[in-house]
Amino acid sequence: MEERCRSPLEVHFAGLTLASPCIVASSVLTGDMIRIGKAAAAGAGGVSTKMAMVGESRQSHPDVIVRPGTGGIVSAGDRRLSLDEARALVRRARRETDLTIIANLLAPAADEMAWQRGAVGLQEAGAQAVELDLSCPNLPGRSSARSVAQSPVDSGRVTRAVKSAVNVPVLCKLTAQVADIAEVARMCELSGADAVVVINGFPAAPEIDIRKGGRPTYLTSSGHSFGTLTGSPLFPIACRAVADVSRAVSIPVLGCGGISSWEEAVQMMMWGASAVQICSSILVRGFSVLDKINEGISTFMKEAGYGSPADFVGAALQYVVPAESIVRRRVDLSVIDEKCTRCGLCLMPGICLALSESPEGISIDTKRCLNCGVCIRLCPNRAITPSDAVEASIQPHRT
């Protein structure tokens, strides 16, 4: 019998196998088979199905505000699935796709039996893992589990209860809105969690219409509902949380928060994520985002000589040191006149007193230069470079 060809993007963690490191995060994108089918066609390695709420479902629709130029989304509303609906969806997804199916679950924070009942039901339906949404920021107080992930004790209590009831891997979805996310992750690990998902969205205020007395700009809502911030603004926060958790636990970490490109997926994995969850960029730009990210990672691996994604997971952690231990060097910058278009972007930062313009071009007063690197990041043509042999790895700002 011929052995199945192994994909170079294949990822193994917590007993699961993904065809690629990209999982579509639990959201409206994973609430029906039409969209799950699109995820499969676009090369997703798996999906986390739309949240199943034990004891109640929420009948609503998404109110979404896209913040132009930021990549951020503030959303409120959105229906959740009943346990029966979620079970039916899991069955169909297992039957009709080859995706790894992770089932997202929420139950009342204090009701351990409800968490168990939900997890068992999803396992029986065919879920290959259960994701405990301990940190959903976008539900009414009586249903919200965000307080669970803000307490190591409560996180451990819910995790132990579910682990005692199911045989499939249990993943705990955490929030960075906590004093010490690493402490919560450690408690989840001690309580039997097979992996942690880092991080969920942040509670946020929606955009308002300042010319109409602060009225809502949601399309259908007559009043304000504080929502959830997701997308690009979360990315640096998520990477920090992934790094903190990766260094604190031995179980795998799934990175989540603001990924919109293959470079960002690789960055988050280098901070310690075994795989990544993606939502907001797909919601706005479509499922083709997954194809582009997979293609980019594959090309990057070939060029860098990596045999699998696992080869670069955690690569950046070796450079994390206390701030007082960092040795800083002086780097003199110069301008390559042939590349400079005199666009003026480098002259704009208020932090800088070193750059100036004359008829001869842009010049840098090295004695006044703070070595902050802002001008290098702003220059779209890489016209500002180190004048010595120091390698410049700073990426220009993407407009």
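Enquirer: It is not clear to me how the overall build of the chain should be interpreted in this structure. Could you clarify?
Expert: A count of helical and extended segments in the chain gives eleven helices and 21 strands. Classification of the 399 residues of the chain by burial places 49% in the buried group. Sequence-distant contacts, at least 24 apart, represent 68% of the contacts inside the chain between residues at least 6 apart. Surface summary for the chain: the accessible area is close to 19300 Å², and the carbon and sulfur share equals 52%.

Enquirer: Looking at this structure, I do not really get the packing of helix H2 (residues 83–96) against helix H3 (residues 112–125). What am I missing?
Expert: Helix-helix packing is described using two parameters, namely the angle between the two axes and the distance between the axes. Orientation of H2 relative to H3, taken along the N-to-C sense of each, is 25 degrees, at an axis distance of 8 Å. Here H2 lies roughly parallel to H3, going by the angle between them. Where H2 crosses over H3, the two elements pack in a sense that is right-handed. Two secondary-structure elements touch here, H2 through Leu83, Ala86, Arg87, Val90 and Arg91 and H3 through Arg117, Gly118, Gly121, Leu122, Glu124 and Ala125. The class makeup of the residues in the contact of H2 with H3 is five nonpolar, two polar and four charged.

Enquirer: When you look at the packing of aromatic side chains in this model, what are you seeing that I'm missing?
Expert: What characterises a pair of aromatic rings is the spacing of the ring centres plus the angle enclosed by the ring planes. Following the criterion strictly, the structure yields four aromatic pairs and no others. Ring centres 5.7 Å apart and planes at 40 degrees place the aromatic pair Phe300 and Tyr306 in the tilted group. Since its relative accessible area comes to 17%, Phe300 is described here as buried.

Enquirer: Would you mind going over the pattern of salt bridges with me for this structure?
Expert: Opposite charge on two side chains permits them to pair, given that their charged atoms come into close proximity. Tallied over the entire structure, the rule returns eleven salt bridges. Arg95 is paired through a salt bridge with Glu96; the nearest N and O atoms lie 3.9 Å apart. One salt-bridge network, held together by shared partners, links Arg92, Arg95 and Glu96.

Enquirer: Explanation requested: the pairing of strand S16 (residues 253–256) in the structure shown.
Expert: Taken residue by residue, a regular strand's side chains alternate between the two faces of the sheet. Side chains Val253 and Gly255 of S16 all project onto a buried face; the interleaved residues Leu254 and Cys256 project onto the opposite face, where all are buried too. As paired strands, strand S11 (residues 195–198) and S16 are joined by three bridges and run parallel to one another. Paired with Val198 across the strands is Gly255, a residue of S16. Where S16 meets strand S17 (residues 275–278), three bridges bridge the pair, whose relative direction is parallel. In the strand pairing of S17, Leu254 is matched with Ala275.

Enquirer: Could you clarify how one ought to interpret unusual backbone geometry in this entry?
Expert: In most cases, non-glycine residues show a negative phi, while peptide bonds are predominantly trans. Backbone torsion omega between Val198 and Ile199 reads 10 degrees, so that peptide bond is classified as cis. Along the chain, the position of Ile199 falls in the loop between S11 and strand S12 (202–204). Even without a glycine there, the phi angle at Arg342 is positive, about 60 degrees. The phi dihedral of Arg382 is positive, around 55 degrees, even though this residue is not glycine. Residue position: Arg382 is located in the loop between helix H11 (374–378) and strand S21 (384–386).

Enquirer: How should helix H1 (residues 33–41) be read in this particular structure?
Expert: Note on helix geometry: an α-helix contains 3.6 residues per turn, so any two residues three or four positions apart are oriented the same way. Buried within H1 we find Met33, Ile36 and Ala39. Along H1, the residues classed as buried sweep out an arc of 115 degrees about the axis, all on the same side. Seen from the open side of H1, the exposed residues pointing more than 90 degrees away from its buried face are Ile34 and Ala41. Tucked into the core, H1 has its buried residues touching strand S3 (22–24), strand S4 (46–53), H2 and helix H10 (288–304). If you check the start of H1, you find a side-chain oxygen 3.1 Å away from the backbone N of Ile34, and it comes from Asp32.

Enquirer: When you look at the nonpolar core in this model, what are you seeing that I'm missing?
Expert: Generally speaking, a soluble globular protein has its nonpolar side chains buried in company with each other. Ranked by internal contacts, the top residues of the largest apolar core, which has 83 residues, are Leu132, Leu134, Leu174 and Val196. Of all hydrophobic cores here, the second largest spans 15 residues; its members include Ala14, Ala129, Leu254 and Cys256.

Enquirer: What is the right way to look at the packing of helix H7 (residues 235–248) against helix H8 (residues 262–270) in this model?
Expert: Put simply, H7 and H8 touch, their axes get as near as 9 Å, and they point 25 degrees apart. Viewed along their axes, H7 and H8 adopt a mutual orientation that is roughly parallel. Note on element contacts: H8 touches H7 through Glu264, Gln267 and Met268, opposite Phe235, Ala238, Cys239 and Val242. Of the residues assigned to the contact of H7 with H8, the class counts are five nonpolar, one polar and one charged.

Enquirer: For this particular structure, what's the right way to read helix H6 (residues 181–190)?
Expert: Among the residues making up H6, those that are buried are Ile181, Ala182, Val184, Ala185 and Cys188. Relative to the axis of H6, the buried residues are bounded by an arc of 160 degrees and lie together on one face. The distance from a side-chain oxygen at the start of H6 to the backbone nitrogen of Ala182 is 3.1 Å, and the residue carrying that oxygen is Asp180. One or two positions beyond H6, positive phi appears at Gly192, with a value near 110 degrees.

Parameters at a glance
Residues numbered from 1 in each chain as written. Predicted model: local features only at pLDDT ≥ 70, side-chain atom pairs only at ≥ 80, totals over all residues. Heavy atoms only, no water. Helix = DSSP H or I, 4+ residues; strand = E, 2+ residues; numbered from the N terminus. Buried < 20%, exposed > 50% of the residue type's maximum accessible area, 1.4 Å probe, protein only. Contact = heavy atoms within 4.5 Å. Areas by Shrake-Rupley, 256 points an atom, 1.4 Å probe, with all protein chains shown as cover. Axes fitted to C-alpha atoms, helices over the stretch in contact; angles between N-to-C directions. Parallel < 35°, antiparallel > 145°, perpendicular 65-115°, else oblique. Left-handed = near helix turned anticlockwise from the far one by under 90°. Nonpolar A, V, L, I, M, F, W, Y, C, P; charged D, E, K, R; others polar. Phe/Tyr/Trp six-rings, centres within 6.5 Å; stacked < 30°, edge-to-face > 60°. Salt bridge = Lys/Arg side-chain N within 4 Å of Asp/Glu carboxyl O. Pairing = 2+ DSSP bridges. Arc of directions from axis to C-beta. Polar contact = N/O pair within 3.5 Å; in protein donor to acceptor, adjacent residues only side chain to side chain. Core = buried A, V, L, I, M, F, W, Y, C linked by side-chain atoms within 4.5 Å.

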